[in-house]
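Fold and contact review
Read off the chains here:
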Protein chains: 2
Amino acid sequence: MQYPKPLGKMIGELSKLPGIGNKTAQRLAFHILSMPQNESAELAESILEASRTMKYCSCCGNLTDSDPCAICSDKSRKQDVICVVESPQDVMAIERINDYHGLYHVLNGVISPRDGIGAEDINLRSLIVRLQENTDISEVIVATDPNIEGEATAMYIARLLKPSGIKVTRIAHGIPIGGDLELADEVTLQKALEGRTEL
Amino acid sequence: MQYPKPLGKMIGELSKLPGIGNKTAQRLAFHILSMPQNESAELAESILEASRTMKYCSCCGNLTDSDPCAICSDKSRKQDVICVVESPQDVMAIERINDYHGLYHVLNGVISPRDGIGAEDINLRSLIVRLQENTDISEVIVATDPNIEGEATAMYIARLLKPSGIKVTRIAHGIPIGGDLELADEVTLQKALEGRTEL
């Protein structure tokens, strides 16, 4: 016996989401059906509304419902530092520490030859244009993930900006706070030693 | 910094779903925003459509898009056995084994004094009516979950149907196939011994 068509359709759509297998999709679907109809409508509406109104900031590439985004148009932020990240989620992660008050540039991807993603496929050209148009920028912090693709992208950006003379920095790699030295992998430990600072 | 409003709203709605915490809701939301707009619309539409069209079968209480449901209106099924289950998911679980060809009755709940749920709060009265109207029924199989509430509900149904003279049976409890005897809990082991059958 098959699920009734509308239920089967909903389960199918839910199971397309990342980390949602068929079993979880079924559980979610039955839960949604048990909700009052106005609540399930609100869930559906929020998906439609967000998909319709959220777009990429034409300046920094972050996800936003206004263009330019809230960060780009906030003149109280430091206008001379740009932090380059891979995704809008990374912007939120850095914003949560409440310690960085500069601007961002969101690549919306990372250079990955293995996946056929080159420098022209990510939001990088607009960074160059931005740096050319805005001569106030004194530092570009590259905060891509510390993995092969993130490191390669960081190196690429550093080389690309070299002629401009703008200072390009990379976030530190090392043992995470609360982490365990003996459980750290070799590369992390090596980076932690290399990046040691005087006390 | 807060999420832009439409994104925050979607994350909020998603995190109301069972097993979806704030982090997972964020991940799902960003994934939905990365989908082509027609695909996210299809997800939203499937939720609206299912919530609008799915209802409970007036005969057996199963979730269905037609009334009576596909099982109740399938005359090729055995019309003299009713299997009582807690939820529509249980119907699907039994249907998957492709071995039971009788009818169902879905309680959509279980008697649980602790949660203030009594016999009149679940879809039980309609079972009595159904048995009175349909004198062909020769057996009622009670397949509620083997936990305190499920067992209590099973006992209640057995006592309720006693005067009618209809045979009431309970699904077997024991060691699951592929399970490990030494890891089974005491009650399961006890039930497995009690329910032993001759080889």
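Everything numeric in this text was worked out from a predicted model, so none of it was measured. (Residues numbered from 1 in each chain as written. Chains lettered and ligands numbered in written order. Predicted model: local features only at pLDDT ≥ 70, side-chain atom pairs only at ≥ 80, totals over all residues. Heavy atoms only, no water.)

**With respect to the interface of chain A and chain B**
Interfaces are frequently sized by the accessible area removed from exposure as the parts join. Facing the 50 residues of chain A at the interface are 50 residues of chain B. Carbon and sulfur atoms make up 73% of the surface buried where chain A meets chain B, a total of about 4500 Å² over both sides. Scanning the region where chain A abuts chain B turns up two salt bridges. Among the ionic pairs, A:E42 bridges to B:K9, the shortest N-O distance being 2.6 Å. The tally of links between chain A and chain B comes to four residue pairs in polar contact (both at pLDDT 80 or more). Secondary-structure elements contributing two or more residues to the side of chain A that touches chain B are α1 (5-14), α2 (22-34), α3 (37-53), β2 (63-64) and α4 (88-97) of chain A. (Contact = heavy atoms within 4.5 Å. Buried area = accessible area lost by both parts, 1.4 Å probe. Salt bridge = Lys/Arg side-chain N within 4 Å of Asp/Glu carboxyl O. Polar contact = N/O pair within 3.5 Å; in protein donor to acceptor, adjacent residues only side chain to side chain. Helix = DSSP H or I, 4+ residues; strand = E, 2+ residues; numbered from the N terminus.)

**Comments concerning the side chain of A:H173**
All names here are of chain A. On the secondary structure map, H173 appears in the loop between β6 (167-170) and α7 (186-194). Among the polar contacts made by the side chain of H173, one reaches the side chain of E151 at a distance of 2.5 Å. What H173 contacts, discounting residues up to four positions off in sequence, is P146, E151, K191 and A192.

**Thoughts on the sheet that holds strand β3 (residues 81-85) of chain B**
All names here are of chain B. Judged by pairing direction, the sheet is parallel, and its four strands sit side by side in the order β4-β3-β5-β6 without closing on themselves. Two strands close off the open sheet at either side, each with one partner strand: β4 (103-106) and β6 (167-170). Direction aside, neighbouring strands of the sheet carry axes that sit 25 degrees apart on average. Across four bridges, the pairing between β3 and β4 is parallel. (Pairing = 2+ DSSP bridges. Axes fitted to C-alpha atoms, helices over the stretch in contact; angles between N-to-C directions.)

**Considerations on the relation of the copies chain A and chain B**
Mapping chain A onto chain B calls for a rotation angle of 179 degrees and an axial translation of 0.0 Å; the resulting RMSD is 0.1 Å. On this basis, the relationship between the two copies can be described by a two-fold rotation axis. No C-alpha of chain A approaches the rotation axis more nearly than that of A:A44, which lies at 2.2 Å. Here 100% of the interface residues in chain A have copies in chain B that are interface residues too; the copies meet face to matching face. (Least-squares fit on C-alpha atoms with pLDDT ≥ 70 in both.)

**Side note on empty space enclosed by the protein**
For the structure on display, the rule yields three cavities of 30 Å³ or more. Lining of the largest cavity is provided by A:L14, A:L17, A:L28, A:I32, A:L43, A:I47, B:L14, B:L17, B:L28, B:I32, B:L43 and B:I47. Of all the elements in the fold, those that place two or more residues in the lining of the largest cavity are α2 and α3 of chain A together with α2 (22-34) and α3 (37-53) of chain B. Of the residues belonging to the lining of the largest cavity, the class tally is twelve nonpolar, no polar and no charged. (1 Å grid on protein atoms, 1.4 Å probe; cavity = no way out; pocket = protein on both sides within 12 Å on 5 of 7 lines; lining within 4 Å. Points joined across faces, edges and corners; volume = space filled by probe spheres on them. Nonpolar A, V, L, I, M, F, W, Y, C, P; charged D, E, K, R; others polar.)

**A short note on the layout of surface pockets**
All names here are of chain A. As a volume, the largest pocket reaches approximately 410 Å³. Forming the walls of the largest pocket are 21 residues, and the residues nearest its centre are T144, P146, I171, A172 and H173. Ranked by residue count, the leading element in the lining of the largest pocket is α4, at four residues. Classifying every residue of the lining of the largest pocket gives 13 nonpolar, four polar and four charged.

**Some details on the nonpolar core**
If you look at the biggest cluster of nonpolar residues, it comprises 42 residues, and the most contacted ones within it are A:L7, A:M10, A:L14, B:L7, B:M10 and B:L14. Every residue in contact with A:L14, bar those within four places of it in the chain, is listed here: A:I20, A:A25, A:L28, A:A29, A:I32 and B:L43. (Core = buried A, V, L, I, M, F, W, Y, C linked by side-chain atoms within 4.5 Å. Buried < 20%, exposed > 50% of the residue type's maximum accessible area, 1.4 Å probe, protein only.)

**Considerations on the pattern of salt bridges**
Considering all chains together, one arrives at 14 salt bridges over all chains under this definition. Overlapping salt bridges bring together A:K9, A:E13, A:K16 and B:E42 as one network.

**Some words on unusual backbone geometry**
A cis amide bond, omega 0 degrees, links A:D67 with the succeeding residue A:P68. Here A:P68 is to be found in the loop between β2 and β3 (81-85). One non-glycine residue, A:N98, lies in positive phi territory at about 60 degrees. By the secondary structure assignment, A:N98 is in the loop between α4 and β4 (103-106). Owing to a relative accessible area of 60%, A:N98 belongs among the exposed residues under this scheme. The residue B:N108 is not glycine, and still its phi comes out positive at about 50 degrees.

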